[in-house]
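# Coordinate inspection notes
Residues per chain are reported as follows:
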Amino acid sequence: MTTVDVPPPVEVARTASTSPSSRGRGASSRQRRTAWLMVAPAGLHALYWIALPVLATFVLSMTNYSVLAPLRFVGLGNFVKSFEDPIFRTSIWHTVVYTFFTVPVSMALAVFLAVLLNQQIRARAWYRAAVFLPQVTATVAVATVWYQIYDPYSGLANKLLSFLGITGPAWLADPSYALSAVIVMGVWQGIGIKMIIYLAALQNLPDELFEAAELDGANAWQRFRRITLPMLRPATLFVGVVSIISAFQAFDQVYVLTRGGPANATTMMTYEVYKNAFATFQMGMACAKSVVLFVFLFGLTLLNRKLTGGDEDE
């Protein structure tokens, strides 16, 4: 009769303790520790440079903090004074108008250019680079160029109008035209990044859908409306959120072109925050206006997400 050796209980326990599943759990634990160590520098950076300043902004918004006076708690007094200030209310309206025109117009132009530059045309790489170039150019430099374009005597804008027999206005000195001039520059500069995002989204769309629709008799407009636009919804959500945030934070172009003038015709929320913080040193008031700006951005982001169907599972 053949006998089978049975290992002692201790060896069985030792064997079980070194089973593959146990080794896998140990490796997973080590991987988690390594992952935490790797993200720790970025986490500390975000905590120190983002989370703490945001918290400090909310706290200081309820104080009279300034460089020239001792710190004193004022509750919601800064918010009440902000909304009682007609210039700040005007800046809110100008920011909303600027966002309302620059975001949809630049997004529509970006989709058109992305579809056009997604075709097999000659030198399309050069065209893509030309459209994207304003995005990577410093806003101050771009605004300086547009300042020369809007010059009422020697600027390109009025020279083009003169060829049509139209006398151009003083774009940046006339309250009736100043905000429109800033909006045109904002639209022009914002197209590039939106076009690149839409172009990347278009190149990831499956060709089979378009081929099947073409076989079913759908024309180019129907394919664009029924297939392209719905499938660009995630990109549209992202572009919309980023564009709204960027538009509400418009500052450089206003500072270079008009300094909020003439007669506060182009003052924006960010410019009012800048004036309170660095012109009059009312840091508490500046923080309160920053919180108002944050609330606007948060609300508009949620609205944009709702309108573009961002709550649905993509």
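These numbers were taken from a predicted model, which means no experiment stands behind them.

Turning our attention to helix α5 (residues 124-136). The end-to-end C-alpha distance of α5, which contains 13 residues, comes to 19 Å, matching closely the 18 Å that a straight helix rising 1.5 Å per residue would cover. Within α5, the axis deviates most sharply at Ala130, by approximately 25 degrees, and proline Pro134 lies no more than four positions further along.

All right, on to the pattern of salt bridges then. One pass over the structure, following the stated rule, counts 3 salt bridges. Of the charged contacts, one joins Lys289 and Asp85 as a salt bridge, the two residues approaching to 4.0 Å between their closest N and O atoms. Taken together, the residues Lys289 in helix α14 (residues 283-307) and Asp85 in the loop between α3 (77-84) and α4 (86-117) connect sequence positions 204 residues apart. For Lys289, a relative accessible area of 2% gives the class buried. Taking the shortest distance from any N to any O, the salt bridge between Lys275 and Glu272 comes out at 3.1 Å.

Mapping Tyr198 onto the fold places it in helix α8 (residues 178-203). You can call Tyr198 buried: its relative accessible area is 2%. Taking the C-alpha atoms as reference, Tyr198 lies 6.5 Å from Ala235; in sequence the two are 37 residues apart. The residues touching Tyr198, leaving out its near neighbours within four places in the chain, are Met107, Ala110, Val111, Ala114, Leu232, Ala235, Thr236 and Val239.

Among the nonpolar cores identified, the biggest contains 53 residues, and Tyr98, Tyr150, Tyr198, Leu257 and Met269 are the most heavily contacted of them. Sorting elements by how many residues they give to this core places α8 first, with 12 residues.

What follows concerns α14. Under the 1.5 Å per step criterion, the end-to-end length of α14 is 36 Å for 25 residues, consistent within 8% with the ideal 36 Å. Within the sequence span of α14, burial applies to Met283, Gly284, Met285, Ala286, Cys287, Ala288, Lys289, Val291, Val292, Leu293, Leu297 and Asn304.

What follows concerns the packing of helix α9 (residues 207-215) against helix α10 (residues 220-231). Packing of α9 against α10 brings their axes to within 10 Å, and their N-to-C directions diverge by 160 degrees. Taken together, α9 and α10 sit at an angle that is classed as roughly antiparallel. Seen along the crossing, α9 lies across α10 with a hand that is right-handed. Here Leu209, Phe210, Ala213 and Glu214 of α9 lie close against α10, whose contacting residues are Arg223, Ile227, Thr228 and Met231.

Glancing now at the side chain of Thr267. Its location among the elements puts Thr267 in the loop between α12 (252-257) and α13 (269-279). In contact with Thr267, other than residues within four places in its own chain, are Ile87, Ser91, His94, Gly260 and Glu272.

Overall, the predicted model of the protein chain reaches an average pLDDT of 85, with 89% of residues at or above 70. Looking over the protein chain, one finds the lowest element-wise mean pLDDT in helix α1 (residues 9-17), namely 47, and the highest in α4, namely 93. Confidence drops under pLDDT 50 across residues 10-17; counting only partners more than four residues distant or on other chains, this segment forms 2 contacts.

Here we come to the packing of helix α11 (residues 233-248) against α14. Where α11 meets α14, the closest approach of the two axes is 10 Å, and the angle between their N-to-C directions is 160 degrees. Taken together, the axes of α11 and α14 lie roughly antiparallel to each other. Here α11 runs over α14; the crossing is right-handed. Taking contact as the criterion, the partners of Leu237, Gly240, Val241, Ile244, Ile245 and Phe248 in α11 are, on α14, Leu293, Phe296, Leu297, Leu300, Thr301, Asn304 and Arg305.

What counts, and at which threshold
- Residues numbered from 1 in each chain as written.
- Predicted model: local features only at pLDDT ≥ 70, side-chain atom pairs only at ≥ 80, totals over all residues.
- Heavy atoms only, no water.
- Helix = DSSP H or I, 4+ residues; strand = E, 2+ residues; numbered from the N terminus.
- Expected span 1.5 Å × (residues − 1).
- Bend = angle between axes of the 7 residues up to and from the residue.
- Salt bridge = Lys/Arg side-chain N within 4 Å of Asp/Glu carboxyl O.
- Buried < 20%, exposed > 50% of the residue type's maximum accessible area, 1.4 Å probe, protein only.
- Contact = heavy atoms within 4.5 Å.
- Core = buried A, V, L, I, M, F, W, Y, C linked by side-chain atoms within 4.5 Å.
- Axes fitted to C-alpha atoms, helices over the stretch in contact; angles between N-to-C directions.
- Parallel < 35°, antiparallel > 145°, perpendicular 65-115°, else oblique.
- Left-handed = near helix turned anticlockwise from the far one by under 90°.
- pLDDT = per-residue confidence, 0-100.

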